[in-house]
Amino acid sequence: MPIKHVVAPSSVDVFKPDIFQGKVLFCTGGGSGICKVMVEAIMRHGANATIVGRKLDRLTEAANELSQLTGQTCVAARADVRDPQQLKEAVAKTIERFGRIDFVICGAAGNFLASIDGMSENAFKTVVEIDTLGTFNTVKATLPYLRASHGAYIHVSSTLHHKGTPYQAHVSAAKAGVDAFSAVLALEEGPKGIRSNVIAPGPIAGTEGISRLSTQMLRSAGSSAYPLGRMGNVQDVASAAVFLFSDAASYITGQVLVVDGGFEHVRVSQ
Ligand code: HXC
């Protein structure tokens, strides 16, 4: 029997449009890709935002676009997440502009395909420093403000490390560290009113993960390869972020939310 194609409802239509009114989001890696759409979805629910990345031109363009699309204010702040001082300056810019931070998305990530044998020590270290150390640095820079607002973190991880994925040793090690770090953060800061969760997107159409980093087999997998009858889209991931930051998720912390339409289970069962 053919699998029915299911159209995902947009979170914009599910949650009230003002649930994040007066809230402020700080997002690393928010200038492009999945994270940019997450920022858009959260701004569409009333939040203002700062997006952080290495390329100020691209960030400024994205911030202007996000402001126009949502009617909220988005600010661009240049920082390399490997540099704690640059992150502190990005946080200071956010506080100066908005006075608070409620939500943080740790989304900045590095990735390229390389075998363990073909990867230099510096190549491995670079990705771990961007993904894992960058997450630590972002949390350290924002933690005092999230304690004040009783805010929440979302760390963008992946499903690559749940089982082995060839040519992704560096990212797998880095994201496993992110998952573990988030769980510890949830335990240590839960009593101070902070939640920390991970979103692990599976294959998502129209992203770098598919166009540049996935195998031909994955790219050519038809909709029947997915239990829900279609590949994921960026809105699916953004909707998960809206949910996790919302009060509907107020008793959820220390979790990894896989957004892959059940794809991981198909891979495991084959
Ligand atoms: C092997 C590579 C390489 C490659 C870089 N290196 N690219 N090694 N193959 N393709 C090595 C370099 O030779 C160098 O080692 C070291 O990595 C650092 O490279 P630099 O270019 O000097 O570092 P930097 O400028 O900091 O850039 C780091 C970067 C980054 C990791 C390459 O620019 C990057 O990742 N950009 C892409 C970001 C991206 O696509 N993110 C999306 C993630 S989505 P040596 O030894 O020569 O000094 C995602 C989902 C996956 O991950 C889902 C899949 C299905």
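Now for a look at the structure at hand. These numbers were taken from a predicted model, which means no experiment stands behind them. (Residues numbered from 1 in each chain as written. Predicted model: local features only at pLDDT ≥ 70, side-chain atom pairs only at ≥ 80, totals over all residues. Heavy atoms only, no water.)

## A few points about the pattern of salt bridges
Within this structure, the stated rule accounts for eight salt bridges. A salt bridge links Arg230 to Asp236; the shortest N-O distance between them is 2.8 Å. The exposure class assigned to Arg230 is buried, which follows from its relative accessible area of 15%. Exposure remark for Asp236: the relative accessible area of 15% places this residue in the buried category. (Salt bridge = Lys/Arg side-chain N within 4 Å of Asp/Glu carboxyl O. Buried < 20%, exposed > 50% of the residue type's maximum accessible area, 1.4 Å probe, protein only.)

## Let's talk about the side chain of Ser172
Residue placement: Ser172 occurs in helix α6 (residues 169-189). Reaching out from Ser172, the side chain makes a polar contact with the backbone oxygen of Gln168 at a distance of 2.6 Å. With sequence-adjacent residues up to four places away left out, Ser172 is seen in contact with Leu160 and His161. (Helix = DSSP H or I, 4+ residues; strand = E, 2+ residues; numbered from the N terminus. Polar contact = N/O pair within 3.5 Å; in protein donor to acceptor, adjacent residues only side chain to side chain. Contact = heavy atoms within 4.5 Å.)

## Description of the packing of aromatic side chains
With the rule as written, the count across this model stands at four aromatic pairs. Residues Phe20 and Phe103 carry aromatic rings whose centres are separated by 5.0 Å and whose planes lie at 70 degrees to one another, so their mutual orientation is edge-to-face. Linking Phe20 in the loop between α1 (11-14) and β1 (24-28) with Phe103 in strand β4 (residues 103-106), this pair joins segments that are 83 residues apart in sequence. Ring centres 6.1 Å apart and planes at 75 degrees place the aromatic pair Phe136 and Phe181 in the edge-to-face group. Highlighted residues: Phe136 in helix α5 (residues 121-149) and Phe181 in helix α6, separated in sequence by 45 residues. Feature note: the residues Phe20, Phe103 and Phe245 constitute an aromatic cluster, connected by ring pairs. (Phe/Tyr/Trp six-rings, centres within 6.5 Å; stacked < 30°, edge-to-face > 60°.)

## Describing the environment of Gly209
Within the secondary structure layout, Gly209 lies in helix α7 (residues 208-211). For Gly209, a relative accessible area of 33% puts it in the partly exposed group. Distance from Gly209 to Ile130, taken between C-alpha atoms, is 17 Å for residues 79 residues apart in sequence.

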